[in-house]
Amino acid sequence: MSDRFEPVIIGFTCNWCSYRAADLAGTSRIKYPPNVRLIRLMCTGRLDPTFVLKAFSEGADGVLIAGCHPGECHYLEQNYKALRRYQLMTRTLAQFGIVPERLRLTWASAAEGARFAEEIATMVEEVRQVGPLNWPTRPVPRVEQASGGAA
């Protein structure tokens, strides 16, 4: 039995490219850590930032966003939209005290199964080094004391 921390990574993948890269990695028997749970989206441009926050609040130690290479999106420019949202999310997550290593954006075409597996392995190792997130699942209400006065 190992005491080594094993992070849970939620991966949001594009149906047309990165999800198929993950499938190619599997059919090619390319090994990568089993720490990632993939969620297929039609396009990473459809990834609502609240999905990322929900993943962290539900116990994920890291979130991977994987889409088509810029300029190769099946929905024209939606991966650029995903890039802009990613940049916004990194700034927002920093406000919550979440370090940048916990959120990763990567591009992978359907033919890049080995590259996709490598990205997962790299992210798992980086999140393992950072340690568990231990984000509270719900906020603890703060009770303010009323300063003496008649009610």
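The preceding data block contains the structure.
Here goes a summary of the coordinates provided. For clarity, every value in this text was computed on a predicted model and none was experimentally measured.

**A closer look at the pattern of salt bridges**
Note that side chains of opposite charge can pair when their charged atoms are close.
In step 1: Enumeration over the complete set of coordinates arrives at seven salt bridges.
In step 2: One salt bridge connects Glu58 with Lys54, and the closest N-O pair in it is separated by 3.2 Å. Per residue, the accessibility class of Glu58 equals that of Lys54, and both read exposed.
In step 3: Within the structure, one salt-bridge network assembled from shared partners comprises Arg4, Glu6, Glu125 and Arg128.

**Thoughts on the side chain of Arg102**
In step 1: Take Arg102: it is sitting in the loop between α3 (78–95) and β4 (103–107).
In step 2: Here Arg102 is buried and forms no salt bridge, its nearest opposite-charge partner Asp61 lying at an N-O distance of 4.6 Å.
In step 3: At a separation of 3.4 Å, a polar atom in the side chain of Arg102 contacts the main-chain carbonyl oxygen of Pro132.
In step 4: Apart from residues lying up to four places away in sequence, Arg102 is in contact with Phe56, Asp61, Gly62, Val63, Met123, Val127, Val130, Gly131, Pro132 and Leu133.

**Here we look at the packing of aromatic side chains**
In step 1: Considering all chains together, one arrives at one aromatic pair under this definition.
In step 2: Taking NZ or CZ as reference, Arg40 lies 4.5 Å from the ring centre of Tyr19, over its face.

**Focus on the sheet that holds β4**
In step 1: Spatial strand order, β2-β1-β3-β4: four strands in an open sheet with parallel pairing. The sheet is open, and its two borders are formed by β2 (36–41) and β4, each paired with just one other strand. Strand after strand, the sheet turns through a mean of 20° between neighbouring axes, direction not considered.
In step 2: Judged from the five bridges that link them, strand β3 (residues 62–67) and β4 form a sheet pairing that is parallel. Paired with Ala66 across the bridge in β4 is Thr106.
In step 3: On top of the sheet, helix α4 (residues 113–130) reaches β1 (9–14), β2, β3 and β4; it is set at about 165° to β4, its chief contact.

**Considerations on the packing of helix α1 (residues 18–27) against α4**
In step 1: It is at 7 Å that the axes of α1 and α4 come closest, and there the two elements cross at 95°. Regarding the angle of α1 to α4, the classification is roughly perpendicular. On α4, the residues that touch Ser18, Ala21, Ala22, Leu24 and Ala25 of α1 are Gly113, Phe116 and Ala117.
In step 2: When grouped by side-chain class, the residues that make up the contact of α1 with α4 number six nonpolar, two polar and no charged.

Thresholds applied
Residues numbered from 1 in each chain as written. Predicted model: local features only at pLDDT ≥ 70, side-chain atom pairs only at ≥ 80, totals over all residues. Heavy atoms only, no water. Salt bridge = Lys/Arg side-chain N within 4 Å of Asp/Glu carboxyl O. Buried < 20%, exposed > 50% of the residue type's maximum accessible area, 1.4 Å probe, protein only. Helix = DSSP H or I, 4+ residues; strand = E, 2+ residues; numbered from the N terminus. Lys, Arg positive; Asp, Glu negative; His and termini not counted. Polar contact = N/O pair within 3.5 Å; in protein donor to acceptor, adjacent residues only side chain to side chain. Contact = heavy atoms within 4.5 Å. Phe/Tyr/Trp six-rings, centres within 6.5 Å; stacked < 30°, edge-to-face > 60°. Lys NZ or Arg CZ within 6 Å of the ring centre and 35° of its normal. Pairing = 2+ DSSP bridges. Axes fitted to C-alpha atoms, helices over the stretch in contact; angles between N-to-C directions. Parallel < 35°, antiparallel > 145°, perpendicular 65-115°, else oblique. Nonpolar A, V, L, I, M, F, W, Y, C, P; charged D, E, K, R; others polar.

Any link to function would need more than the numbers given here.
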